[in-house]
Amino acid sequence: MNDYHDLVRRAKEQITEVTAAELAARRNAPPVLVDVREAYEAATGIIPGAHLAPRGVLEKAMPQIAPDTSTEVVLYCTVGNRSALAALVLAQMGYTAVASLAGGIAHWRVNGYPIEMPAGAGDTDARYARHLALPEIGRAGQQRLGESRVLVVGAGGLGSPAALYLAAAGVGTLGIVDYDVIDVSNLQRQVLHDTARIGSLKVDSAAATLSALNPWVAVETHAIRLEASNVAEIASGYDVVVDGTDSFPARYLLNDAALNLRIPVVHGSVVRFEGQLMVVDPYRGPCYRCVFPVPPPPELSPSCAEAGVLGAIPGVIGSLQAVEAVKLLLGIGETLAGRLLVFDGLAGQIDVFSTARDPGCEACADPDRPPVLVDYDEACRPVR
Amino acid sequence: MPTIRIPTLLRPAVGGVARVEAEGATIGEVLAGAAALHPEFGDLVFESDGSLKRFLAVFLGGRDVRHLRGLDTPVPPGAEIIILPAAAGGAR
């Protein structure tokens, strides 16, 4: 296998590098500078005038930063490795005058060249002041949130409040999975989106809303339907998954994937005036299948489109999902692993029930044999 | 007499009400008592062999009865039993 260092070494053979001194000498006619680090890294200071485009969004951002591919572009990161890899990608995009800053911003700094704070970065203490006031979060917890990665599956009724609160909380990277486009009937509850964006991809709308709320969050969009063939690749690398899917096949597939990847999942679901919430901590607590081994028959499990839902109900459950995700990321409090929370909005009642691992569970009985990832039909039978 | 709390989606089987009272000293007896009053409810919760339908979670005193004694779990007089199918919606 070619590991990271092999890739970086080979990239540096193929690209152009500039030194900090060469870049500094261009003060009066600077090239377009692009910082490819994550927002939380850029928040510690950037080279004056640099555009921010973390590697995850670089390809999408470049046409706005430099529409003309003959523009002279210098990429930098911390020490010059990621920017070398990124320079290769820009060459593939057709950029003809790309260089990477050798030694990255670290060399720039030790040579005493100027650093500036990116717009808004200085507001970190103010932005998270209410978190910093909490002994359970504080500065260390806030830093940890900034280094965390959460995947929100479904940018709908549940995913909207969950993603909004996680972005507002300063979770460093949010992945959003949704293949759908916005319909006017979504807007009664899917508060990530707005009327002007009807017909747009939900993931693009989500990225725009979340970035406007908190530009220091990197949003990774996955405009794709989760299937057995892609779920492991999409979910791997995230610390927590928030399940805001809208069907049993997707819920059971996500449960299976989480067991394989050993990533905790915060499941939420809603219908009419009711909602359910549980945390799956793989192999340490019950999985979704331990509690619901099979889905109800279709007549007892209508979608929200069929049975209706009060818009604020997913608002409640999705917000609780954000609470559970933060607790999991920070290791604070008692999560809802091993418990099922049921909210009845009409009755004005919340119940929390104890559940337990099922020793005969089809999905999680044997930690050494995680479930094979297969697509399920509407009755959650494997589709071959 | 024990009470069974009925979620909205299952209420059509019990004449639309949110709670059903039924006699019985165990989970199985109380559910069977409710089924005697509402035959549709019986079809909903029991398999033909008399076991509980697998898609339903049943809770007594905040605990899943599958981890107590299942249908044989004793039910104190006046206790509340909650039956619950999984919900699917993510509000697409």
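Residues numbered from 1 in each chain as written. Chains lettered and ligands numbered in written order. Predicted model: local features only at pLDDT ≥ 70, side-chain atom pairs only at ≥ 80, totals over all residues. Heavy atoms only, no water.

*Asks:* Please explain the overall build of chain A as it appears in this structure.
*Replies:* On a plain count of helices and strands, chain A comes out with 16 helices and 15 strands. Taking the principal axes of its C-alpha atoms as reference, chain A extends roughly 70 × 45 × 40 Å. Across the 384 residues of chain A, 52% fall into the buried class. Sequence-distant contacts, at least 24 apart, represent 69% of the contacts inside chain A between residues at least 6 apart. Counting only carbon and sulfur atoms, one obtains 54% of the accessible surface of chain A, whose full area is about 16600 Å². In chain A, which carries 30 positive and 43 negative side-chain charges, the distance between the mean positions of the two groups comes to 4 Å. (Helix = DSSP H or I, 4+ residues; strand = E, 2+ residues; numbered from the N terminus. Buried < 20%, exposed > 50% of the residue type's maximum accessible area, 1.4 Å probe, protein only. Contact = heavy atoms within 4.5 Å. Areas by Shrake-Rupley, 256 points an atom, 1.4 Å probe, with all protein chains shown as cover. Lys, Arg positive; Asp, Glu negative; His and termini not counted. Charge placed at Lys NZ, Arg CZ, Asp CG, Glu CD.)

*Asks:* Where do I start with the interface of chain A and chain B in this structure?
*Replies:* Listed as interface residues are 50 residues of chain A and, on the opposing side, 27 residues of chain B. For the chain A and chain B pair, buried surface summed over both sides reaches about 3100 Å², with 57% attributable to carbon and sulfur atoms. For the chain A face of the interface with chain B, the top three residues by lost area are Asp246(A), Leu300(A) and Phe353(A), together amounting to 21%. Across the contact surface, chain A and chain B share 2 salt bridges. The closest approach of N and O atoms between Glu362(A) and Arg54(B), which form a salt bridge, is 3.2 Å. (Buried area = accessible area lost by both parts, 1.4 Å probe. Salt bridge = Lys/Arg side-chain N within 4 Å of Asp/Glu carboxyl O.)

*Asks:* What's the story with the side chain of Thr73(B) in this structure? I'm lost.
*Replies:* Residues and elements named next belong to chain B. Note on placement: Thr73 falls in the loop between strand S4 (63–64) and strand S5 (80–85). When its relative accessible area of 4% is taken as the criterion, Thr73 is described as buried. Within the local environment of Thr73, its side chain forms a polar contact with the backbone nitrogen of Arg69, the two atoms lying 2.8 Å apart. For Thr73, the contacting residues outside a window of four places in its chain are Ala25, Thr26, Ile27, Leu60, Val65 and Leu68. (Polar contact = N/O pair within 3.5 Å; in protein donor to acceptor, adjacent residues only side chain to side chain.)

*Asks:* How should the packing of helix H10 (residues 159–168) of chain A against helix H11 (residues 202–213) of chain A be read in this particular structure?
*Replies:* The relative placement of two packed helices comes down to the angle between their axes together with the axis-to-axis distance. All names here are of chain A. Running from N to C, H10 and H11 cross one another at 30°; their axes reach a closest spacing of 9 Å. With respect to H11, the element H10 is oriented roughly parallel. Two packed elements cross with a definite hand, and for H10 against H11 that hand is right-handed. Contacts from Ala163, Leu164, Ala167 and Ala168 in H10 reach Thr209, Leu210 and Leu213 in H11. (Axes fitted to C-alpha atoms, helices over the stretch in contact; angles between N-to-C directions. Parallel < 35°, antiparallel > 145°, perpendicular 65-115°, else oblique. Left-handed = near helix turned anticlockwise from the far one by under 90°.)

*Asks:* Even after reading the chapter, I still don't get the packing of aromatic side chains, so can you show me in this structure?
*Replies:* Centre-to-centre distance and the angle between the planes together describe a pair of aromatic rings. Scanning the model with the defined rule gives 6 aromatic pairs over all chains in all. Measuring from ring centre to ring centre gives 5.8 Å for Tyr288(A) and Phe292(A), while their planes differ by 55°; the resulting arrangement is tilted. Each of the two residues, Tyr288(A) as well as Phe292(A), counts as buried. Where Phe353(A) meets Phe59(B), the ring centres are 4.2 Å apart and the plane angle is 15°; that geometry is what we call stacked. (Phe/Tyr/Trp six-rings, centres within 6.5 Å; stacked < 30°, edge-to-face > 60°.)

*Asks:* I would appreciate a short explanation of the domain arrangement of chain A in the present structure.
*Replies:* A common way to report how large an interface is uses the accessible area buried once the components associate. Residue and element names in this part refer to chain A. You can read the domains of chain A as domain 1 (4–119) and domain 2 (125–383). With centres defined by C-alpha atoms, the gap from domain 1 to domain 2 works out at 35 Å. On the domain 2 side, the residues contacting the 8 residues of domain 1 number 10 residues. Summing both sides of the interface, domain 1 and domain 2 together bury roughly 630 Å²; the carbon and sulfur share of this comes to 62%. (Domains from an automatic or database assignment.)

*Asks:* Honestly, the layout of surface pockets in this entry has me stumped. Any pointers?
*Replies:* Over the atoms, a rolled probe matching the size of one water molecule traces out where space is still vacant. Residues and elements named next belong to chain A. By volume, the largest pocket amounts to about 640 Å³. Lining the largest pocket are 27 residues, and of these Leu52, Pro54, Val57, Ser211 and Val217 sit closest to its centre. For the lining of the largest pocket, the secondary-structure elements that each account for two or more residues are helix H3 (39–42), helix H4 (58–65), H11 and strand S8 (218–222). Classifying every residue of the lining of the largest pocket gives 16 nonpolar, 4 polar and 7 charged. There are two domains that each give the lining of the largest pocket at least three residues, and those are domain 1 (4–119) and domain 2 (125–383). (1 Å grid on protein atoms, 1.4 Å probe; cavity = no way out; pocket = protein on both sides within 12 Å on 5 of 7 lines; lining within 4 Å. Points joined across faces, edges and corners; volume = space filled by probe spheres on them. Nonpolar A, V, L, I, M, F, W, Y, C, P; charged D, E, K, R; others polar.)

*Asks:* What is the right way to read the nonpolar core from this model?
*Replies:* One broad trend across soluble globular proteins is that nonpolar side chains are buried collectively. Counting residues in each nonpolar core, the largest one holds 42 residues, and the members touching the most others are Leu151(A), Cys287(A), Tyr288(A), Phe292(A) and Leu340(A). If you list the elements that add at least two residues to this core, you get strand S6 (149–153), helix H12 (231–235), helix H13 (248–261), strand S11 (274–280), helix H14 (288–291) and strand S12 (339–344) of chain A together with strand S3 (56–60) and S5 of chain B. Among the elements that make up this core, the one with the highest residue count is H13(A) (7 residues). Ignoring anything within four residues of it in the chain, the contact list for Cys287(A) reads Asn255(A), Leu259(A), Met278(A), Val280(A), Cys361(A), Ala363(A) and Cys364(A). Core analysis: the next-biggest nonpolar cluster, separate from the first, contains 39 residues, Ile137(A), Leu145(A), Ala155(A) and Val279(A) among them. (Core = buried A, V, L, I, M, F, W, Y, C linked by side-chain atoms within 4.5 Å.)

*Asks:* Sorry if this is basic, but what is going on with a nonpolar patch on the surface here?
*Replies:* All names here are of chain A. On the surface, Phe273, Leu310 and Leu346 cluster together into a nonpolar patch covering about 270 Å² of accessible area. Relative to the helices and strands, Leu310 resides in the loop between helix H15 (304–307) and helix H16 (312–330). Overall, the relative accessible area of 41% leaves Leu310 in the partly exposed class. (Patch = residues over 30% accessible without salt bridge, like charges linked within 9 Å, V, L, I, M, F, W, Y side chains within 5 Å.)

*Asks:* When you look at the environment of Ala97(A) in this model, what are you seeing that I'm missing?
*Replies:* Residues and elements named next belong to chain A. Tracing the sequence through the fold places Ala97 in strand S5 (residues 97–101). Distance from Ala97 to Val74, taken between C-alpha atoms, is 8.5 Å for residues 23 residues apart in sequence. Residue contacts for Ala97: discarding those within four places in its chain leaves Thr69, Ser70, Thr71, Glu72 and Val73.

*Asks:* Honestly, the pairing of strand S4 (residues 72–76) of chain A in this entry has me stumped. Any pointers?
*Replies:* A regular strand places its side chains on the two faces of the sheet in alternate fashion. Most of S4(A) sits out of view: 4 of its 5 residues are buried. Running through helix H5 (residues 82–93) of chain A, the crossover from S4(A) to the neighbouring parallel element S5(A) is right-handed. (Right-handed = clockwise from strand over helix to strand, strands pointing away.)

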